[in-house]
Amino acid sequence: MDTISRKNFLKMSALGFGALIVPNSLFAYEGNKNLAHKVRVGLIGVGMRGQNHIDVLGRRDDVEIVAFADPQQRMLKDAQAVLAKNGRPAAKEFSEGDYDFRNLLKMNNLDAVIISTPWKWHKIQGIEAMKAKKIVGMEVSGAIKLQDCWDYVKAYEETKVPIFMMENVCYRRDVMAILNMVRKGMFGELIHGQGGYLHDLRGVLFNDGETPYNSGVEFGEKGFSEAKWRTDHYVNRNGELYPTHGIGPVGVMFDINRGNRLLRLSSFSTKSRGLHDYIVNHPKGGENHPNAKVEFKQGDVVTTQIACANGETILLTHDTSLQRPYNLGFKVQGTRGIWQDFGSGGFNQGHIYFENLMNRSHKWENSEKWLKEYDHPLWKNQEEKTKGAGHGGMDYFVINTFIECIKRNVEFPMDVYDLATWYAITPLSEESIAKNSVVEIPDFTKGQWKTRKPVFGFDGAF
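Notes on the structure in this doc start here. (Residues numbered from 1 in each chain as written. Predicted model: local features only at pLDDT ≥ 70, side-chain atom pairs only at ≥ 80, totals over all residues. Heavy atoms only, no water.)

1. Focus on the overall build of the protein chain
How we decide: Counting from the N terminus, the helices are the DSSP runs of H or I reaching at least four residues and the strands are the DSSP runs of E reaching at least two. Note on definitions: a residue-residue contact is assigned when non-hydrogen atoms from the two residues lie within 4.5 Å. Where accessible areas are quoted, they stem from the Shrake-Rupley method and a 1.4 Å probe; at the residue level, only the protein chains shown are allowed to cover.
Assigned secondary structure in the protein chain consists of 15 helices and 15 strands. Partitioning the contacts of the protein chain with sequence separation of at least 6, the portion at a separation of at least 24 is 73%. Carbon and sulfur atoms make up 49% of the accessible area of the protein chain, which amounts to about 19200 Å² in all.

2. Describing unusual backbone geometry
Residues other than glycine seldom take positive phi values, yet S225 does so here, at roughly 55°. Residue position: S225 is located in the loop between α8 (202–205) and α9 (230–236). One non-glycine residue, R360, lies in the positive phi region at around 50°. With respect to the secondary-structure elements, R360 resides in the loop between β13 (350–354) and β14 (365–366).

3. Focus: the side chain of T117
Rules: Polar contacts here mean pairs of N or O atoms no more than 3.5 Å apart (in protein, one a potential hydrogen donor and the other a potential acceptor; neighbouring residues in sequence count only if both atoms are side-chain atoms).
By the element assignment, T117 lies in the loop between β4 (112–115) and α5 (122–131). Within polar-contact distance, the side chain of T117 engages the side chain of Q125 at 2.7 Å. Setting aside chain neighbours within four positions, we find T117 in contact with I44, G45, H122 and Q125.

4. Here we look at the side chain of N207
As for its position among the elements, N207 is in the loop between α8 and α9. Only 2.5 Å separates the side chain of N207 from the backbone nitrogen of F224, close enough to count as a polar contact.

5. Remarks on the sheet that holds β14
Through backbone hydrogen bonds, the strands of a sheet pair up, either in parallel or in antiparallel fashion. Note the cut-off: Strands pair, by our definition, only if DSSP identifies at least two bridges between them. Whenever a helix is involved, its axis is fitted only over the stretch in contact; in every case the axis is a line through C-alpha atoms, and angles between N-to-C directions fall within 0 to 180 degrees.
Read across the open sheet, the nine strands follow the order β14-β13-β12-β11-β7-β10-β9-β8-β15; overall the sheet is mixed. The open sheet has two edge strands with one neighbour each: β14 and β15 (439–440). As paired strands, β13 and β14 are joined by two bridges and run antiparallel to one another. Bridged to H351 within β14 is N366. In the packing of helix α7 (residues 173–183) onto the sheet, contacts are made with β7 (190–198), β11 (331–334), β12 (337–341) and β13, and the angle to β12 comes to roughly 175°. Relative to β7, helix α10 (residues 244–253) is tilted by about 160°, and along the sheet it contacts β7, β8 (262–269), β9 (301–308), β10 (313–319) and β11.

6. Re the packing of aromatic side chains
We count it as follows: Put simply, two rings from Phe, Tyr or Trp (the six-membered ring, in Trp's case) pair if the centres are within 6.5 Å, and we call them stacked under 30 degrees between planes, edge-to-face over 60, tilted for the rest. Three labels apply to residues, based on accessible area from a 1.4 Å probe with only protein chains included: buried if under 20% of the type maximum, exposed if over 50%, partly exposed otherwise in between.
In the structure shown here, the tally under the stated rule is 21 aromatic pairs. Taken together, a centroid distance of 5.9 Å and an interplanar angle of 5° make the contact between Y171 and F397 stacked. Here Y171, found in the loop between β6 (163–165) and α7, pairs with F397, found in helix α14 (residues 394–408); they are 226 residues apart in sequence, far enough to count as distant. Y171 gets classed as buried once you look at its relative accessible area, which sits at 0%. When its relative accessible area of 1% is taken as the criterion, F397 is described as buried.

7. Structural notes on the environment of T421
Checked against the element boundaries, T421 lands in helix α15 (residues 416–435). Classification of T421 by relative accessible area gives buried; the value is 3%. Taking the C-alpha atoms as reference, T421 lies 6.7 Å from F444; in sequence the two are 23 residues apart. In contact with T421, not counting residues within four places along its chain, are N257, L262 and F444. Within the structure, T421 has its side chain in polar contact with the backbone oxygen of Y417 (distance 2.7 Å).

8. Focus on the nonpolar core
Grouped burial of nonpolar side chains is what soluble globular proteins tend to show. We apply this condition: Side-chain atoms within 4.5 Å are what join buried Ala, Val, Leu, Ile, Met, Phe, Trp, Tyr and Cys residues into a set we call a nonpolar core.
F68, L104, Y171, I178, M181 and F187 are the most contacted members of the largest nonpolar core, which has 133 residues in total. Here this core takes nine residues from α15, the largest share from any one element.

9. Here's the deal with helix α6 (residues 146–159)
Threshold: Each helix should span, by expectation, one fewer than its residue count multiplied by 1.5 Å.
In a regular helix each residue adds 1.5 Å, so 14 residues correspond to 20 Å; α6 covers 21 Å between its end C-alpha atoms and thus fits that length. Along α6, the positions that sit buried rather than exposed are D148, C149, D151, Y152, V153, A155, Y156 and T159. Buried residues along α6 sit in contact with α5, β5 (135–138), β6 and α15. Trailing α6 by a residue or two, K160 shows a phi angle of about 60°, which is positive.

10. Topic: the pattern of salt bridges
Note the threshold: Here, a salt bridge means any Lys or Arg side-chain nitrogen found within 4 Å of an Asp or Glu carboxyl oxygen.
Under the counting rule described, the total for this entry stands at 31 salt bridges. Linking D62 and R60 is a salt bridge whose minimum nitrogen-to-oxygen distance equals 2.9 Å. Like D62, the residue R60 is buried in the burial classification. Among the ionic pairs, K435 bridges to E431, the shortest N-O distance being 3.2 Å. Here the residue K435 and the residue E431 both occupy positions in helix α15, the gap between them amounting to four residues, near one helical turn. Note on K435: relative accessible area 57%, which makes it exposed. Look at E431 and you get partly exposed, because its relative accessible area is 30%.

Keep in mind that these numbers describe shape and distance, not what the molecule does.
In structure tokens, the structure reads:
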């Protein structure tokens, strides 16, 4: 509060969309200055995730959905149906092969794009969009190669076109309540954090191409949606394939890239058994099914330990190939308190302990009353707007932040340096497992992390 006046702080907080707007946070990009009313958006990739974004965008009166690029006619048809459901006119389609998105990027009546494509396309589409002067919303994954992360940073620093890392779990209600408590000092000095992706994806990785999910043991050309491409990563890679759900929320709490940074990591992988077991025991599979002979390189459970510049550690877990209930496994531990997530994110599905506030009982309490009391102002003030949005309302905040930051010409709370840092965990973890070694994590900010200020989720007069 010593860097801006209280009057300006209250004025900026009243915008209520999750980024603290400070005087030097205007986009360096000199783009369209007439975005205060409507933002014209194109979508590259309109599969299941892209359609979710279309639905949330379609509810807003400050957005025009201009165009879709996707080579799959089935997905284009479904995406247009989502538009129609929201009373929107059809979007222009670009479907002539994998590279027709380049023609979408040539459109003059387009301010921004949201990219929700298979992971291998993120770099080429994101960088080409930046070079085409289209502001980018990038769906989450991990990088294919470490150099990809440097290429994102280089493209931003050359074009000054901003890119938003669309990590929705940073906006999960219980996570934001914990962030609120962290910033009020209730956990004391933070020491250790945990998170990850602990989600049975076997029905996503395999299906029969006709009915989504849990409908077969096919992948690749015979699969549906993510089974067409995601499963190939499990065949050919072994590492922390999906780091952002875990590192995003914990990284925000630990001020990563904004007063702190990730220094080094070490990853370990179990053997791979879960996917083979799923194939041979599925009614449409069996020991004689061709996919029963596939050797999966990806270990069933991958753990990645990370050291931070300010002395904390972070543990990430990737666990998607075995039977299990969904859980992202968050833990936040400080000198005065500890929170352990368990379940799918509800207020009553975690445990919490504050030594002084609980009279040194050394007994866990259900998180519910604490999380409700310290519910983040963003959720308190915008709960009604989240209803019907995907992932329990988290997707509303992701889209709202993207659109509002563009309209008001202020920096994204998760930017290119966050994208590069979080994405880098994947290839670095692969290297660590392959070499059985500790791997250094590059400083993509080139020293700016020491002076950059936290901007995500600050509260005020919402």
